[in-house]
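Read off the chains here:
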Amino acid sequence: STLRSFFQKFAQICSKSWILVIHCTGVNLSTIQSEEGNWEKCDVKSKLESVARGRRSLSVNNSMLRERFDILGGHLRIGTADNVFRNNSSKH
């Protein structure tokens, strides 16, 4: 999509990290608000990390997203990233 391309290019140009997750059907409010609870059934479609880590299959959760990525993309509800990045204002 156009937005996906925009954010991926933005990440490349600005030296930021990007992750695109799909199929997050098992994600609910308690999982999104949890620090360690995995977002079940999420698949990583693409990622761009500042430090290459090699694994395409990741356990997606708030802590991992906050520590490793600046931009979160995917078919997620509005406000999902508010919980992911709420304590990390230095990255924005």
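Heads up: the structure comes first, above all this text.
The sections below set out a description of the structure shown in this document.

Conventions adopted
Residues numbered from 1 in each chain as written. Predicted model: local features only at pLDDT ≥ 70, side-chain atom pairs only at ≥ 80, totals over all residues. Heavy atoms only, no water. Patch = residues over 30% accessible without salt bridge, like charges linked within 9 Å, V, L, I, M, F, W, Y side chains within 5 Å. Areas by Shrake-Rupley, 256 points an atom, 1.4 Å probe, with all protein chains shown as cover. Salt bridge = Lys/Arg side-chain N within 4 Å of Asp/Glu carboxyl O. Helix = DSSP H or I, 4+ residues; strand = E, 2+ residues; numbered from the N terminus. Phe/Tyr/Trp six-rings, centres within 6.5 Å; stacked < 30°, edge-to-face > 60°. Buried < 20%, exposed > 50% of the residue type's maximum accessible area, 1.4 Å probe, protein only. Polar contact = N/O pair within 3.5 Å; in protein donor to acceptor, adjacent residues only side chain to side chain. Pairing = 2+ DSSP bridges. Axes fitted to C-alpha atoms, helices over the stretch in contact; angles between N-to-C directions. Contact = heavy atoms within 4.5 Å.

Some remarks on a nonpolar patch on the surface
- On the surface, a nonpolar cluster with roughly 400 Å² of combined accessible area is contributed by Leu3, Phe6, Phe7 and Phe10.
- In this structure, Phe7 sits in helix α1 (residues 2–13).

Concerning the packing of aromatic side chains
- Inspection of every chain in the model, using the stated rule, returns two aromatic pairs.
- A ring pair is formed by Phe6 and Phe7, whose centres lie 5.1 Å apart and whose planes are at 75°; its orientation type is edge-to-face.
- Ring plane angle 25° and centroid distance 6.3 Å describe the contact between Phe6 and Phe10, whose orientation is recorded as stacked. Placement of both Phe6 and Phe10 in helix α1 is noted, with a separation of four residues, approximately one turn of the helix.
- Following the ring pairs from residue to residue traces out a cluster consisting of Phe6, Phe7 and Phe10.

Observations concerning the environment of Lys47
- Relative to the assigned elements, Lys47 resides in strand β2 (residues 43–48).
- For Lys47, a relative accessible area of 24% translates into the label partly exposed.
- C-alpha separation for the pair Lys47 and Ile71, spaced 24 residues apart in sequence, amounts to 9.7 Å.
- Engagement of the side chain of Lys47 in a polar contact is seen with the side chain of Glu49, the distance being 3.1 Å.

A word on the pattern of salt bridges
- Scanning the entire structure with this criterion turns up two salt bridges.
- In this structure, Lys47 engages Glu49 in a salt bridge whose closest nitrogen and oxygen atoms are separated by 3.1 Å.
- A salt bridge links Glu49 to Arg68, with the nearest nitrogen and oxygen atoms 3.1 Å apart. Of this pair, Glu49 sits in the loop between β2 and α3 (62–68) while Arg68 sits in helix α3, placing them 19 residues apart in sequence.

Some remarks on the sheet that holds strand β1 (residues 18–22)
- An order of β2-β1-β3 is seen for the three strands of this open sheet, with the pairing classed as mixed. On the outer flanks of this sheet lie β2 and β3 (71–74), each paired with one strand and no other. Averaged over all pairs of adjacent strands, the angle between strand axes in this sheet comes to 20°, irrespective of strand direction.
- Across five bridges, the pairing between β1 and β2 is antiparallel. Bridge pairing in β2 links Trp18 to Leu48.
- Across the sheet, α1 is in contact with β1, β2 and β3; its angle to β1 comes to roughly 150°.

Here we look at the environment of Thr25
- Along the chain, the position of Thr25 falls in the loop between β1 and α2 (29–33).
- With relative accessibility at 67%, the residue Thr25 sits in the exposed group.
- Measuring from C-alpha to C-alpha, the distance between Thr25 and Glu40 comes to 7.5 Å, with 15 residues separating the pair along the chain.

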